[in-house]
Amino acid sequence: MFWVLLLLLAWVAAGTTCTRLCLASVRAAAVVDETDRFNGRGLTLYEAAFLSGGPARVADLTLVSMARQRRLLLAHTGWATVVDPRGRDEMERSVLGAIGPDGQSRIAPVRTTAAAADSVRVLADRLVAAGLAVPDGARTTVAGAVRQVRAAAAAVLILGAVALLMPAQAQENRPLVAIWFTLPLILTLSCLAIARIEVHPYTRWASPAGQHLLSALARRADTGSDDRTYLTTVAVRGIRAIGEPDLRAAFAHREPHA
């Protein structure tokens, strides 16, 4: 009867992870109810960047925006050079401050410093208060819970296979053992299917309401060709979506090892 212990472990894994996923989904749904505090004005590019890729995306958007306006040079060798030292908003001033008084710096540390600036934290707090961004404590909660349920489903399969292949297992008991292990497997797969329908995609930054606004913004970006459309693409999809090799090389450049 050693298989009963394996079955108990399978039920514990399935029950615990499915409960966590349900609680995480409820918390994510609760965020949607707070979106009335958002005034319906639509997303700014900085807000779209944060909801799509977090603080790092905001820093990338600011760098690209300043480069498009010829106020910052981004070399394919990974260096940023200041042309106009006057920032037009807090994000740009954060980037200029990260570059330093010399007016030239590696892009990688500038991105890191700008992403951690107070202006980005203020932006994040505003989006969280509006119900469009996921609070710090809840980020990756749903995605993490989904991964745990997937792991539990795999564990149920492994434990079931071990129980069925045990040498001491009587041949006539194996169908019964398979049925018992099918039940926790059905539980985990059902929870994954419901989560796929109700709370997919499992984003780190945007709440379901924020995802809805991002989807509308992305659709508008697909139909335009002006400078704002270009920056919207950077905000929503990141640097890799831009078809300029030199720009991608500037952000992807790494120093060669000695």
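### Here we look at the confidence of the model for the protein
Turning to step 1, where the next piece is worked out: Looking at the protein as a whole, its pLDDT mean stands at 83, while 84% of the residues score no less than 70.
Turning to step 2, where the next piece is worked out: At the level of individual helices and strands, the protein shows its lowest average pLDDT in helix α8 (residues 208-221), which scores 78, and its highest in helix α3 (residues 90-99), which scores 95.
Turning to step 3, where the next piece is worked out: Low pLDDT, under 50, characterises residues 33-37; the predicted model gives this stretch 5 contacts beyond four residues in sequence or across chains.

### Regarding the packing of α3 against helix α4 (residues 107-115)
Turning to step 1, where the next piece is worked out: Between α3 and α4, the shortest axis-to-axis distance is 9 Å and the interhelical angle comes to 135 degrees. Overall, the two elements α3 and α4 adopt an arrangement that is oblique. Helix-helix and strand crossings are classified by hand; for α3 and α4 the assignment is right-handed. Within the contact between the two elements, α3 uses V95, A98 and I99 and α4 uses V110, T113 and A114.
Turning to step 2, where the next piece is worked out: Class assignment of the residues belonging to the contact of α3 with α4 gives a composition of 5 nonpolar, 1 polar and no charged.

### Some thoughts on a nonpolar patch on the surface
Turning to step 1, where the next piece is worked out: The grouping of F2, L5, L8, L9 and V12 at the surface amounts to a nonpolar patch, some 470 Å² of accessible area in total.
Turning to step 2, where the next piece is worked out: For L8, the location among the structural elements is in helix α1 (residues 2-32).

### Section: the nonpolar core
Turning to step 1, where the next piece is worked out: In terms of nonpolar packing, the biggest core is built from 48 residues, with F50, L51, L74 and F251 touching the most fellow members.
Turning to step 2, where the next piece is worked out: Every element with two or more residues in this core is listed here: α2 (45-68), β1 (72-74), α3, α4, α5 (118-129), α8, α9 (227-237) and α10 (245-252).
Turning to step 3, where the next piece is worked out: It is α2 that provides the largest number of residues to this core, a total of 13 residues.
Turning to step 4, where the next piece is worked out: Counting residues in hydrophobic clusters, the runner-up holds 12 residues, among them L6, V177, F181 and L185.

### Notes on the pairing of strand β2 (residues 79-82)
Turning to step 1, where the next piece is worked out: By the bridge criterion, 3 bridges tie β1 to β2 in an arrangement that is antiparallel. Looking at β2, one finds that L74 is bridged to A80.

### Considering helix α6 (residues 141-165)
Turning to step 1, where the next piece is worked out: Compared with an ideal rise of 1.5 Å per residue, which puts 25 residues at 36 Å, α6 spans 36 Å between its outermost C-alpha atoms and is within 8% of the ideal.
Turning to step 2, where the next piece is worked out: For α6, the full list of buried residues reads V142, A143, G144, A145, V146, V149, A152, A153, V156, L159, G160 and A163.

### Re the packing of aromatic side chains
Turning to step 1, where the next piece is worked out: This structure, assessed with the given rule, holds 1 aromatic pair.
Turning to step 2, where the next piece is worked out: Directly above the ring of Y230 sits R68, whose terminal nitrogen or CZ lies 3.7 Å from the centroid.

### Comments concerning empty space enclosed by the protein
Turning to step 1, where the next piece is worked out: Taken as a whole and assessed by the stated rule, the structure comprises 1 cavity of 30 Å³ or more.
Turning to step 2, where the next piece is worked out: By volume, the largest cavity is sized at about 30 Å³.
Turning to step 3, where the next piece is worked out: As for the largest cavity, its lining consists of V58, A59, T62, M91, S94, V95, A114, S119 and V120.
Turning to step 4, where the next piece is worked out: Elements with a minimum of two residues in the lining of the largest cavity: α2, α3 and α5.

About the criteria used
- Residues numbered from 1 in each chain as written.
- Predicted model: local features only at pLDDT ≥ 70, side-chain atom pairs only at ≥ 80, totals over all residues.
- Heavy atoms only, no water.
- pLDDT = per-residue confidence, 0-100.
- Helix = DSSP H or I, 4+ residues; strand = E, 2+ residues; numbered from the N terminus.
- Contact = heavy atoms within 4.5 Å.
- Axes fitted to C-alpha atoms, helices over the stretch in contact; angles between N-to-C directions.
- Parallel < 35°, antiparallel > 145°, perpendicular 65-115°, else oblique.
- Left-handed = near helix turned anticlockwise from the far one by under 90°.
- Nonpolar A, V, L, I, M, F, W, Y, C, P; charged D, E, K, R; others polar.
- Patch = residues over 30% accessible without salt bridge, like charges linked within 9 Å, V, L, I, M, F, W, Y side chains within 5 Å.
- Areas by Shrake-Rupley, 256 points an atom, 1.4 Å probe, with all protein chains shown as cover.
- Salt bridge = Lys/Arg side-chain N within 4 Å of Asp/Glu carboxyl O.
- Core = buried A, V, L, I, M, F, W, Y, C linked by side-chain atoms within 4.5 Å.
- Buried < 20%, exposed > 50% of the residue type's maximum accessible area, 1.4 Å probe, protein only.
- Pairing = 2+ DSSP bridges.
- Expected span 1.5 Å × (residues − 1).
- Phe/Tyr/Trp six-rings, centres within 6.5 Å; stacked < 30°, edge-to-face > 60°.
- Lys NZ or Arg CZ within 6 Å of the ring centre and 35° of its normal.
- 1 Å grid on protein atoms, 1.4 Å probe; cavity = no way out; pocket = protein on both sides within 12 Å on 5 of 7 lines; lining within 4 Å.
- Points joined across faces, edges and corners; volume = space filled by probe spheres on them.

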